[in-house]
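# Notes for the structure review
Residues per chain, in single letters:
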Amino acid sequence: MSQPGIPASSGAPTGLQAQNGAASASGSPYTNGPVQNALMSSQVSVSQGYNSQLPGSYPHLIPAKTLNPVSEQSNYGGSQSVSPLSNYQGPGQTLYRPPVASNPMTSSIRSGPVPQMPLPTSQNPAATPMPSGSFLPGTNLPPPLNWQYNYPSQTNHCPRASSQPTMSGNTNLTGHQYVSSGDTSLQNNFMKSGVPSNTNNGSMVVHNSYDEIEGGGFLATPQLTNKNPTMSRSVGYSYPSLPPGYQNTPPPSTTGMPLSSLNYPSGPQAFTQTPLGANHLTASMSGLSLHPEGLRVINLLQERNMLPSTPLKPPVPNLHEDIQKLNCNPELFRCTLTSIPQTQALLNKAKLPLGLLLHPFKDLVQLPVVTSSTIVRCRSCRTYINPFVSFLDQRRWKCNLCYRVNDVPEEFMYNPLTRVYGEPHRRPEVQNATIEFMAPSEYMLRPPQPPVYLFVFDVSHNAVETGYLNSVCQSLLDNLDLLPGNTRTKIGFITFDSTIHFYSLQEGLSQPQMLIVSDIEDVFIPMPENLLVNLNESKELVQDLLKSLPQMFTKTLETQSALGPALQAAFKLMSPTGGRMSVFQTQLPTLGVGALKPREEPNQRSSAKDIHLTPSTDFYKKLALDCSGQQVAVDLFLLSGQYSDLASLGCISRYSAGSVYYYPSYHHQHNPVQVQKLHKELQRYLTRKIGFEAVMRIRCTKGLSIHTFHGNFFVRSTDLLSLPNVNPDAGYAVQMSVEESLTDTQLVSFQSALLYTSSKGERRIRVHTLCLPVVSTLNEVFLGADVQAISGLLANMAVDRSVTASLSDARDALVNAVIDSLSAYRSSVLSNQQPGLMVPFSLRLFPLFVLALLKQKSFQTGTNARLDERIFAMCQVKNQPLVYLMLTTHPSLYRVDSLSDEGAININDRTIPQPPILQLSVEKLSRDGAFLMDAGSVLMLWVGKNCGQNFLSQVLGVQNYALIPQTMTDLPELDTPESARTIAFISWLREQRPFYPVLYVIRDESPMKANFLQYMVEDRTESALSYYEFLLHIQQQVNK
Ligand SMILES: [Zn+2]
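Procedures and definitions
- Residues numbered from 1 in each chain as written.
- Predicted model: local features only at pLDDT ≥ 70, side-chain atom pairs only at ≥ 80, totals over all residues.
- Heavy atoms only, no water.
- Helix = DSSP H or I, 4+ residues; strand = E, 2+ residues; numbered from the N terminus.
- Buried < 20%, exposed > 50% of the residue type's maximum accessible area, 1.4 Å probe, protein only.
- Contact = heavy atoms within 4.5 Å.
- Areas by Shrake-Rupley, 256 points an atom, 1.4 Å probe, with all protein chains shown as cover.
- Donors = N, O, S within 2.8 Å, 3.2 Å for Na, K, Ca; no water.
- Pairing = 2+ DSSP bridges.
- Axes fitted to C-alpha atoms, helices over the stretch in contact; angles between N-to-C directions.
- Core = buried A, V, L, I, M, F, W, Y, C linked by side-chain atoms within 4.5 Å.
- Salt bridge = Lys/Arg side-chain N within 4 Å of Asp/Glu carboxyl O.
- Parallel < 35°, antiparallel > 145°, perpendicular 65-115°, else oblique.
- Nonpolar A, V, L, I, M, F, W, Y, C, P; charged D, E, K, R; others polar.
- Polar contact = N/O pair within 3.5 Å; in protein donor to acceptor, adjacent residues only side chain to side chain.
- Phe/Tyr/Trp six-rings, centres within 6.5 Å; stacked < 30°, edge-to-face > 60°.
- Lys NZ or Arg CZ within 6 Å of the ring centre and 35° of its normal.
- Expected span 1.5 Å × (residues − 1).

## Some points on the overall build of the protein chain
Within the protein chain, the secondary structure is distributed over 24 helices and 39 strands. Here the protein chain holds 1040 residues, and the buried ones make up 62% of them. Taking as baseline every contact in the protein chain between residues at least 6 positions apart, the subset at least 24 positions apart corresponds to 78%. Accessible surface computed for the protein chain: about 37000 Å², of which carbon and sulfur atoms make up 52%.

## Here's the deal with the coordination of the zinc ion
All of the protein donors around the zinc ion are C378 (SG), C381 (SG), C399 (SG) and C402 (SG); their distances to the metal are 2.2 to 2.3 Å. On the primary sequence, the residues serving as donors to the zinc ion are separated as C-x2-C-x17-C-x2-C. Taken as a pair, C381 in the loop between β10 (368-370) and β11 (390-393) and C399 in the loop between β12 (396-398) and β13 (405-407) lie far apart in primary sequence, 18 residues in all. Overall, C381 belongs to the buried group, its relative accessible area being 6%. Judged by its relative accessible area of 0%, C399 falls in the buried class.

## Concerning unusual backbone geometry
With phi around 60 degrees, K351 is a residue other than glycine that occupies positive phi space. By the secondary structure assignment, K351 is in the loop between α5 (344-350) and β9 (355-358). Here K351 falls in the buried class, since its relative accessible area comes to 9%. Although it is not a glycine, Y403 sits at a positive phi angle of roughly 75 degrees. Looking at the element boundaries, Y403 is found in the loop between β12 and β13. Taking relative accessible area as the criterion, Y403 reaches 27% and is therefore assigned partly exposed.

## Quick look at the pairing of strand β22 (residues 579-585)
Counting buried positions over the seven residues of β22 gives seven, a clear majority of the element. Bridge count for strand β17 (residues 452-458) against β22 is five bridges, and the pairing is parallel. Bridging from a neighbouring strand, Y453 pairs with R580 of β22.

## Re the sheet that holds β13
Taken in spatial order, the three strands make up an open sheet running β11-β12-β13, and their pairing is antiparallel. The outermost strands of the open sheet, each flanked by one partner alone, are β11 and β13. When the angles between neighbouring strand axes are averaged without regard to direction, this sheet yields 35 degrees. When β11 meets β12, the two strands line up antiparallel, connected through three bridges. If you follow D393 over to β12, its bridge partner there is R396.

## Brief notes about the nonpolar core
Core analysis: the biggest nonpolar cluster contains 205 residues, and M581, F750, L941 and L956 have the highest contact counts within it. When neighbours within four sequence positions are excluded, F750 is seen to be in contact with F333, I340, L356, R699, C700, L704, M736, H768, T769, L770 and L772. Core analysis: the next-biggest nonpolar cluster, separate from the first, contains 42 residues, Y453, V459, L505 and L546 among them.

## Things to note about the pattern of salt bridges
Inspection of the entire model under this criterion finds 33 salt bridges. The closest approach of N and O atoms between R427 and E429, which form a salt bridge, is 2.8 Å. Judged on exposure class, the residue R427 and its partner E429 are both buried. Its salt-bridge partner being R766, residue E436 comes within 2.6 Å of it at the nearest N-O pair. On the criterion of sequence distance, the pair formed by E436 in strand β16 (residues 434-438) and R766 in strand β31 (residues 763-775) is long-range, its members being 330 residues apart. For R766, a relative accessible area of 2% gives the class buried.

## A word on the environment of L482
Along the polypeptide, L482 turns up in the loop between α8 (468-479) and β18 (490-496). When near neighbours in sequence (up to four residues on either side) are disregarded, L482 contacts L686 and T687.

## A closer look at the packing of helix α21 (residues 949-956) against helix α22 (residues 977-991)
Pairs of packed helices are described in terms of their axes, by the angle between the two and the distance that separates them. Two elements in contact, α21 and α22, have axes whose closest approach is 7 Å; the angle formed by their N-to-C orientations is 70 degrees. With respect to each other, α21 and α22 are oriented roughly perpendicular. Of the residues in α22, those in contact with N950, F951, Q954 and V955 of α21 are E978, S979 and T982. For the contact of α21 with α22, a count of residues per class yields two nonpolar, four polar and one charged.

## Considerations on the side chain of H768
With respect to the helices and strands, H768 occurs in strand β31. Among the polar contacts made by the side chain of H768, one reaches the main-chain carbonyl oxygen of P360 at a distance of 2.8 Å. A polar contact is formed between the side chain of H768 and the side chain of T434, at a distance of 2.9 Å. Setting aside chain neighbours within four positions, we find H768 in contact with C328, L332, F333, P360, A433, T434, F750, Q751 and S752.

## Description of the packing of aromatic side chains
Considering all chains together, one arrives at 24 aromatic pairs under this definition. Plain terms: the ring middles of F457 and F584 are 5.3 Å apart, the flat faces sit at 50 degrees to each other, and that makes the pair tilted. In this pair, F457 is assigned in strand β17 and F584 in strand β22, connecting sequence segments 127 residues apart. Taken together, the aromatic side chains of F455, F457, Y468, F493, F584, F637, Y661, Y685 and F995 make up a single cluster linked through ring pairs. One Lys or Arg, R580, reaches over the ring of Y685 and ends 4.1 Å from the middle of that ring.

## Re the pairing of strand β23 (residues 632-638)
Counted residue by residue, β23 has seven buried out of seven residues, so it is predominantly covered. Of the two faces of β23, the one lined by V632, V634, L636 and L638 and the one lined by A633, D635 and F637 are each fully buried. Pairing geometry for β22 and β23, over seven bridges, is parallel. From the neighbouring strand, M581 faces β23, where its bridge partner is V634. Of the pairings in the sheet, the one linking β23 to strand β24 (residues 660-662) comprises three bridges and is parallel in character. When the sheet's bridge partners are listed, L636 is paired in β24 with V660.

## Quick notes on the sheet that holds strand β37 (residues 930-934)
With mixed pairing, five strands are arranged side by side in an open sheet as β36-β33-β37-β38-β39. Each end of this open sheet is capped by a strand with a single partner; those strands are β36 (917-918) and β39 (998-1003). Both β37 and strand β38 (residues 938-943) contribute to a ladder of five bridges, which runs antiparallel. Bridge pairing in β38 places D934 opposite L939. Set on the sheet, α22 makes contact with β33 (892-895), β37, β38 and β39; between it and β37 the angle comes to about 10 degrees.

## As for the environment of Q1014
Inspection of the secondary structure assignment puts Q1014 in helix α23 (residues 1009-1014). By relative accessible area, which is 39% here, Q1014 ends up partly exposed. Remark: the alpha-carbon pair of Q1014 and L920, spanning 94 residues in sequence, is separated by 9.8 Å.

## Thoughts on α22
A rise of 1.5 Å per residue sets the reference length of α22, with its 15 residues, at 21 Å; its end C-alpha atoms lie 21 Å apart and thus fit the reference within 8%. Those residues of α22 that sit buried are S979, T982, A984, F985, I986, W988, L989 and R990.

Rendered as structure tokens:
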């Protein structure tokens, strides 16, 4: 068989040019003489495996049945119509999930009538439909997409469908299955109360093998492949496997050991769990951990300035301290409501969103790793044993999610930490809410794949002009040995302009060989086995290539960009293994599939109705889904001063679980700050931890239900997120509802399990478990509200709303979220109706944070914010961990011209000043000071005109104000205490986050001052209310 474009016979292939050239003088230093024949033959044989899977043909994309023909969210495949279903910032991937304990084969897909138009709230408080512009019940929100992606992943080359039963409303597919449960009643029912959970139409969820892999294996005899306890680990400490012969230990007494006699020198906190366990704690045992301050009711019109001068801490769940001290760190896992309402009706009353915010793969200083042969899980719901289960006795434990009573396996009776037999409740798994397991082979569908890194570079004229290639290649050279991996690590490179260039790096070659494929209509891969090569074996060739690449295209006149075909080629190349694809693009793609047209209209006001937040083609989403199916994640680095349609391009990362990086106006000479930023961020990107072939599942106590996920991933089946890559800088959010009454329970738990292949080739499972109390009164729900988590979840929902409805609708919904919850508080909790705007202490910053969201780049109006910048801000909302999202939205402002050691903290002999956080208002500024704005990804140091001489000379190193350079992006290291303090503080802020915030020093008359002032959230702007005006508006609405 032959590829189109390649004659099967010998001779120069039409689609393939060998670029011959002598040395560097004439451009390409690469020769390609004798390789051609080998290339031909290898091409033919290798292509067979996935010939039928070529992207672009999509034979497997058969339209899912459209259950709601009214909806615009319709067919994915079929006629390939471009519709909002391929929304980039599209709806969160909504799903309906049965209660935890139910049989996985029971239905998750239901059909039902399209919801009626919402009634006014007052008419029906129980079902609570809300007016337009609300996130809350019964909104007129178009149903979000609900894709499920099932594929049998037995082999890499032939992802053919299994003969599993199909879902109702779906066609049995060859290849991938795309299942849409486009049923509006599903998507909206989270907003409704009391929807019965089993009113399905008889359809079934097809659980694929990945589903089973995270879910299962408990019946199988473990066949351990990862048992080696001597395996080196870079993070955390680990617990060894059982020592030989422990079974000879005499049976323990069933009464257990006296707890006080045991000593745990290096272990986690000892938990004096009673034999009855956590779930048996009575309500009266729940500690009243709320500080009296937390019980205050505040009139925000009188006490506006509620911003604490130190970083806002998440609320502590109102749990008994023995439980709380074992709880998951809120930086990893937190809930919008730390007291869970016991019914959906109560939740509806509070008008607050219920959801989780996760940072599951965060870099941790300490992470317990369990290497035991037995991973103990609930036989019914597959929950991992955790600190919040209860032990009925030595041999039985009760699941805290589904309440099944399970046996304690024999191996679990031995505690490797204490080397004592007979105390399963002291095992590390029961002592740590965050833990990692080494997974045995039953958690694998295939042997763990090697780490594979493919870099795809735009080398068009525009790209060369920016000079980015030099920076990126240099970064790669510097960090080549630091790429996470092992001796199996593979690497490869593709460049493209109007054609696609491959680089043979086969070991033994004297220099890399460039192969150009000019047929972009039907891209094929020349000599695939030499394009992704073992990094160790071909390191010198890789280094040669990285040194030559920046020079190779300096004279190019090629302005076209065939990004789509290049991505297809990269996908094909990576399909057998999966891995990480890093794509660098500098302009709108113009050639071949995926070509885009400029859509940004100059002077387009962002309130305009037809703002282009949705992708203009579904090409990138489809390709991302193909990538996801083959365990490939695509990270997009967009370096462009021109409109590049990030709304369309970004889909490639969103659905493949990649990340988007954006450097507007990158230029190697004109924009040194962006150069510095890219350099620092690449350093982090290239060297940070990475997980491959990952899936994540979130389980929760029976009665609670997950319905919408936010983040970059694909929902593979009901509640399983497909993450071809997982990185430590990605955050996720989840919306939830109360499906069944929780009146019989006092505690609920949430557990996330992330199964991944480490860069060392180990299969691992990272598990986080969060435990929260259930409450029965509205006041308790309000007291436990986590205002940052609420704001973060609302921001995610508002991005979806912007896309499915409009920006103004999303803005209305944000404002209504404040009005509705504070109205509910006023009418249902407060007994005497005082004048003013009364809020519970927990929500004292809610109006401020929502106002900040309205002024955030994603949602602001009245500016000429560039479309790509807005889209990027939306990407960030979806993909950032909560702490960074909040910093971007409501930055921290500090006065820094008079830093002192008072209240400073000491870290490694460094003294780090801790100036108080100021309100974001120009009232807080003064011309005789200097102020630092920490907005997450950027730091701005504004220096007032009359700033003291001391600061100018001792920190900035200038003699007077006029000598401050117009562009200053670094502070000089001066030998003064003032300089040391300022630099220590800024360095410390930078160390708090994975990515490097650039610093701008801003003089009062600098054009950058406007950027600084735009973060003054509390001040009135041309198009937005001041904080006080906003409070008055809220008060009027609440007191109506
Ligand atoms: Zn269970």
